[in-house]
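If you want the building blocks of each chain, they are given just below.
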Amino acid sequence: MKPASFKYILARTLDDALAAKTEHGDEARFLAGGQSLVPTMNFRLAQPAILIDINPIAALSGVRDGASIRIGALTRYRMLEADPLIAARQPILREALPHIAHPQIRNRGTLGGNLAHADPASEMPAIMLALGARMRLQSAANDRWVDANDFFVSAMETALRPDEMLTEIDIPDSPPGTGTCFMEVARRQGDFAQAGVAAIVTLGADGKCGGVRLAFCGVAERPFHADAAAQSLIGGDGSDDSFRQAAELAMAALNPPGSTHASAGYQRHLAGVLARRALTTAHARATTEVRRDH
Amino acid sequence: MTTERHAISVTVNGVRHDKTVEARMLLSDFIRHELLLSGTHVGCEHGVCGACTIWFDGFPARSCLMFAVQADGHDIATVEGLADNDKLSPLQQAMHEAHGLQCGYCTPGILMTMSHFLASNPAPDEQAVREALSGNLCRCTGYQHIVDAVLLAAERMRG
Amino acid sequence: METRYFGASVKRNEDQRLLTGQALFIDDIELPGMLHAAVLRSAVAHGRIVTVDVSAALKREGVVAAYTAQDLGDFWQPGPLLVPPPPIEGSVFNLRTHACLAKDKVRYAGEPLAIVIAADRYIAEDALADIVVDIEILPALVDLEAALAKGAALVHEDLGSNIAAHIHQGKGDYARAASRADHIIKRRFLYEHGISSPIETRGIVVQWDARGGQLTMWDTTQAPVFVRNGLAAVFGLSERQVRVIAPFVGGGFGPKIMMFYPEELLLPWAAMQLNRPIKWIEDRLEHFVATTHERGQVHDSKIALTKDGKILGVKDVFLHDSGAYDPYGLTVPINSQCTLLGPYVIPDYDSTFTCVFTNLPIVTPYRGAGRQHGVFVIERLLDIAAHELGIDPAEIRRRNLIPPDAFPYDNEIIYQDFAPLSYDSGDYEPVLDKALSAIGYAGFKDEQAAARAKGKHLGIAVAAYVEGTGIGPYEGARVQVQANGRVSVATGIGTQGQGHYTVFAQIVADQVGCDVRDVDVVTGDTDRFHWGAGTFASRGAVVAGNAVNEASKVVRQKILTLAAEHFECAEGDLELGQGQVSIVGVRGQAIRLSELAQKANPMRGAVKPGAEPGLESTQYFGPPSGATASGVHAMIVEVDPETFTLAIRKYVIVHDCGTVINPLILAGQIIGGAAQGIGNAFYEKLMYDDAGQLLNASLADYLLPTSLDVPRFVLDHTVTPSPLNPLGIKGAGEAGAIPAGPLFAQAIEDALGFKAKGIELLEIPLSPARLWELTQQAG
């Protein structure tokens, strides 16, 4: 299991990296953490002609505070796990991170690399979808922002053009009175999820559900947001029945692909169970938030 | 096709090595077959088993998921650097006493992972040890004696 | 003899090297001028080979050679039968072994088609992609029953069917049992094992010294002497011209006994052609198809009982998946057939099996070696009987245990070692009692109800097994006191982590009176010890351990004789200890072993006719038959009734493997085995599609248990020494892995109230997804 030959380009600045990508297009791939790319190269499932190593570009790394949280694409999971801003403002990210492989992988793996890889079983794309994050896509000629919902196209397919790099992720703050929850079922800790769900519940001043997001990983060709299920809860008081009905709606909207370890039916079933549980927990956390604010 | 080679300078266990490598050479192969530090083992070459775990700039990483060329200018630590001459590190000594190894093939990766864990978690409980260990597969021990060894080492390091 | 070390938890002699990265494993070997091999394997499971064209590969820069079956000329031939079938009357055994490269036909996906030798492994793998292969695809045989159906494609056309073997064994008369029975239960069971997946895959380094006529092969084998003998025969060399070395080996678990693997012949052959050393290291992807498996059996089983749960008889008819070839004979299905009998009195037993050729990799023993399959059948039958007869599951087992005064207990059938299946010794009820007590069996119903009130679903299980261990034919050992006072031990078995460097040293150190750290053990180098069989069937400590003991005893006597001459005293006045011989009660009168060793090899003077130099002895030990170990496992699980994920809350192992040499190492063996049992029962499954393609050939998809999936085990033991060897040892290597299957099935049924819902778990491995499917089917 040795990778095929490739040409290695070391990019020390973003401009260098984007120039190289403009020149080589689809022939070239960016090497960030490499924790998804290198295994596929070792299996020779991927044989890129050129790798552009962006690891030296310090400007691409880090968590920046503002009206929203901005995360450089090269920020490693390890840094996100340790970041107080993430823990305080986006606890759902913090809750999901330990599900991503193991510490050795999280020491190298980057958020941007993961999102650009767009594995539908991966946790982060679903969370970005739930959080309404935006992706900054830059090329030598262009600089644009794309919503998570438009970024993830299909399995291993994103809105990135051949000359573009995902450079930054913008995560808007949740309104007060928000509770979140991430849950997944994997065969072993650290494995890709057979089904995973990110639930976000925001309570209005009246204590009713004012906003609900419900995104799944592992159960579709791309991270999936259950619109009807989330909508069904708006204005409700977060009863067990309402969450059960929302879970039913989510299951009805899903058409899971099945995998070697889980039939489509089991995946759909898991999605329903997890949706109900995650919504319940998110709602309870939101309620605690509201009490704390008062 | 002539293969492009890259000059790299890598510090391993405090010793600087200047070599030229093909871009595709895995860091694990470089450490083992170019530097002849064969204590770092290769078990799967797809980042699951953890046998090839080294420290890259102070953090445990899978050396099978990196290219040697990426190590240029960086600092690496391997199992060969753990003992102080013949004096085993506290975790090595505890692994010996608690029978934390059988065939010993996964052991270098486990030592690198758990030494780092102990450095930042001086008083772990069993569950924390098991979580930290879960990225290293061992087929012989059933893990129990490894867990015992880590807890023993932690206790001794706390003094 | 002192017993300072025997029975003590001595820390391992081998650890220092392993902990500091200094132990030599196969891929650590670097030789000048060494080339690297990669093997092209068939992507097709069953097909006729039209073309394998290596000409483009040969043109690639860095490629030295590439060979197909055609290039091998007369060297191409089907390999040997490693283990002949036992002499069972009326048995059918159709031998079809593999050659090192497929010619004409491929019979499983992964079968080697060509080998490339190149400057490095990277280039060798590049060249594999240059090879043009054209295979005309034939229907793949994956399902055992389909393979036996009329009109099925044939794995070996000349055979006329896919039957690899057909064996019947029994005792008493099952029809009689059935006619007397109050209750008969009939079920179909599916049991699949998996792939051993040691963290070190296989590997070979070979060097041919044309001038010296000497072939040296480093090999990750568990049985170096077999490989050495086989290579000598194949290459027309004398056994002294071939040296096989198994260095530190990173786990074996059975499949590393198999020989010949194709690479074990291709590499030396190519090294002789090229006169260059060659290395081949199996990669993880290859390991899934290129190393042997242990897979499935389908059992149609009946048990006849009295209404109070006494077993009258068992009838079992099963199919066994041999894979595409059967070089390992019948070891696995014979083990299933024999081990089904368990620790129970089963007066009438009727067992028939049919081995089936399929288009899947070759099946050979993997830790447990078919015993799991048999234990699953009998333990599940007893669980079902307990439920249907209204008897407690532990109680029905107790009622059927072989009583302690019944040993040796003759089961009247033939075991894998060709000897009658006779249990040498055992005392089963105390083992069961200890396990029940440790798991808290008596109080569990209350615990379960209390947990249930909190929404938690707990289930309990208990399962028993016996294991025939420590089989012959023999092992040998040479023990020698060196002139520097250290003691060297050499034996022919290989070692893969079992602690042989320590347990053999313990035996020697007690006999010759030295520090255990002053004993250097060498295993697995055929130039250091010429004779032996290998490490398998839980036999290393039993057979080689006793050989080491015999040789040590002779060396001890030589030491005493020589020291008595030296001191001009009686041997009875001498004592051995601390690396010296001293006169009892006389201070200062002592001689070091080093000095005695030098005296035993004088440089001048006359030596008596017939005297042997040195303090050295070579002795052999062969048991008349295998020693029978036994055990009971008990487990409490918590199952999520919605997701069907599972957590083991408590796992108790009580075992009896006779006299214990080193409790710490023994615990490691038992726990490690149990972890593999858990993998087998709930995580590991080789998933094939209808075309014979393995769908989960990676460690991301083939689920080895991690530290979070394996619990902390509670261990206890009883000791019933084996009468078949002087040390009283029984084997322990495989025991832990054997009973996990029925344990999981029973515990999950209990946790989820499956019995009441009419759901029975009759298959292994299980998984959350499968449990959900079964509940869906039940409605």
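Before going into details, it helps to say that this report is about the structure given with it. (Residues numbered from 1 in each chain as written. Chains lettered and ligands numbered in written order. Predicted model: local features only at pLDDT ≥ 70, side-chain atom pairs only at ≥ 80, totals over all residues. Heavy atoms only, no water.)

So, the interface of chain A and chain B
Each partner contributes to the interface: chain A provides 29 residues, whereas chain B provides 28 residues. For the chain A and chain B pair, buried surface summed over both sides reaches about 2,400 Å², with 58% attributable to carbon and sulfur atoms. Looking only at chain A, the three residues that lose the most surface to chain B are Tyr8(A), Gln104(A) and Arg108(A), adding up to 26% of its buried area. One can count three salt bridges joining chain A with chain B. A salt bridge links Asp29(B) to Lys2(A), with the nearest nitrogen and oxygen atoms 2.9 Å apart. At the boundary of chain A with chain B, the tally comes to twelve residue pairs in polar contact (both at pLDDT 80 or more). Listing elements by their share of the side of chain A that touches chain B, those giving two or more residues are strand S1 (7–10), helix H2 (37–42), strand S3 (50–53) and helix H6 (103–108) of chain A. (Contact = heavy atoms within 4.5 Å. Buried area = accessible area lost by both parts, 1.4 Å probe. Salt bridge = Lys/Arg side-chain N within 4 Å of Asp/Glu carboxyl O. Polar contact = N/O pair within 3.5 Å; in protein donor to acceptor, adjacent residues only side chain to side chain. Helix = DSSP H or I, 4+ residues; strand = E, 2+ residues; numbered from the N terminus.)

Quick notes on the sheet that holds strand S4 (residues 63–64) of chain A
Residues and elements named next belong to chain A. A sheet is described by the order of its strands in space; here five strands give the open sequence S4-S5-S10-S6-S7, paired in antiparallel fashion. Unpaired on one side and paired on the other, S4 and strand S7 (143–147) mark the two borders of the sheet. Where strand S6 (residues 134–138) lies against S7, five bridges are found, and the strand directions are antiparallel. Its bridge partner lying in S7, Leu137 is registered against Arg144. Its contacts with the sheet place helix H1 (residues 14–24) against S6 and strand S10 (165–172), and it is angled at close to 120° to S10. (Pairing = 2+ DSSP bridges. Axes fitted to C-alpha atoms, helices over the stretch in contact; angles between N-to-C directions.)

Looking at the pattern of salt bridges
Under the definition given, this model contains 79 salt bridges over all chains. Arg44(A) is the partner of Asp126(C) in a salt bridge, and the nearest nitrogen-oxygen pair spans 2.7 Å. Here Arg44(A) lies in the loop between H2 and S3 and Asp126(C) lies in helix H3 (residues 121–128), a pairing that spans two chains. Both residues of the pair, Asp126(C) and Arg44(A), belong to the buried class. Two residues, Glu638(C) and Arg649(C), come together in a salt bridge whose shortest N-O distance is 2.8 Å. Here the residue Glu638(C) occupies a position in strand S27 (residues 627–639), and Arg649(C) occupies one in strand S28 (residues 646–656), the gap between them amounting to eleven residues. (Buried < 20%, exposed > 50% of the residue type's maximum accessible area, 1.4 Å probe, protein only.)

Quick look at the nonpolar core
In terms of nonpolar packing, the biggest core is built from 300 residues, with Leu214(A), Leu231(C), Ile559(C) and Ile748(C) touching the most fellow members. If one sorts the elements of this core by residue count, helix H15 (residues 540–567) of chain C sits on top with 13 residues. Dropping the residues within four chain positions of it, Leu214(A) is found in contact with Val197(A), Ala198(A), Ala199(A), Phe224(A), His225(A), Ala226(A), Ala229(A), Ala250(A), Ala275(A) and Leu279(A). Among the nonpolar cores identified, the runner-up in size contains 38 residues, and Ile71(A), Ala73(A), Leu93(A) and Ile200(A) belong to it. (Core = buried A, V, L, I, M, F, W, Y, C linked by side-chain atoms within 4.5 Å.)

Regarding the pairing of strand S22 (residues 519–523) of chain C
Residue and element names in this part refer to chain C. Among the five residues in S22, four count as buried, and that is most of the element. Note that strand S21 (residues 487–491) and S22 share five bridges and pair parallel. Residue pairing in the sheet places Ser488 in a bridge with Asp520 of S22. This β-α-β element, S21 to helix H14 (residues 500–512) to S22, shows right-handed connectivity. (Right-handed = clockwise from strand over helix to strand, strands pointing away.)

Quick look at the pairing of strand S16 (residues 348–357) of chain C
Residue and element names in this part refer to chain C. Counting buried positions along S16 gives ten out of ten residues, so the element sits mostly inside the fold. Side chains of S16 alternate between two faces, with Asp348, Asp350, Thr352, Thr354 and Val356 and Tyr349, Ser351, Phe353, Cys355 and Phe357 buried alike. Judged from the eight bridges that link them, strand S8 (residues 163–171) and S16 form a sheet pairing that is antiparallel. Bridge pairing in S16 links Ile167 to Phe353. With ten bridges joining them, strand S15 (residues 311–323) and S16 adopt parallel strand pairing. What sits directly across from Asp321, in S16, is Val356.

Things to note about the interface of chain C and chain B
The partner chain B presents 55 residues to the 56 residues of chain C that form the contact. Both faces considered, chain C and chain B share a buried interface measuring about 4,400 Å² in area, 55% of it formed by carbon and sulfur atoms. Of all residues in chain C, the largest losses of buried area upon contact with chain B belong to Leu19(C), Tyr122(C) and Ile199(C), amounting jointly to 19% of the total for that side. The interface formed by chain C and chain B holds six salt bridges in total. Note that Asp28(C) and Arg32(B) form a salt bridge whose closest N and O atoms lie 2.8 Å from each other. Run the count over chain C and chain B and you get 27 residue pairs in polar contact (both at pLDDT 80 or more). Among the elements that take part in the side of chain C that touches chain B, helix H17 (residues 663–683) of chain C stands out by supplying nine residues, more than any other. Across the side of chain C that touches chain B, the residue classes break down as 24 nonpolar, 18 polar and 14 charged. (Nonpolar A, V, L, I, M, F, W, Y, C, P; charged D, E, K, R; others polar.)

Regarding the sheet that holds strand S2 (residues 15–22) of chain B
Residues and elements named next belong to chain B. Pairing is mixed in the open sheet, where five strands are placed in the order S2-S1-S5-S3-S4. Among the strands making up the open sheet, the edge pair consists of S2 and strand S4 (59–62). Each strand of the sheet is rotated relative to its neighbour by a mean of 40°, with strand direction disregarded. Of the strands in this sheet, strand S3 (53–56), S4 and strand S5 (75–77) touch helix H3 (residues 107–120), which is tilted by about 40° from S3.

A word on the packing of helix H11 (residues 240–253) of chain A against helix H12 (residues 264–293) of chain A
Residue and element names in this part refer to chain A. The interhelical angle for the contact between H11 and H12, taken along N-to-C directions, is 145°, at an axis separation of 8 Å. Crossing angle aside, the handedness with which H11 passes H12 is right-handed. Contact residues: H11 offers Phe243, Arg244, Ala246, Ala247 and Met251, while H12 offers Arg268, His269, Gly272, Ala275, Arg276, Leu279, Thr280 and His283. Tallied by class, residues from the contact of H11 with H12 come to six nonpolar, four polar and three charged. (Left-handed = near helix turned anticlockwise from the far one by under 90°.)

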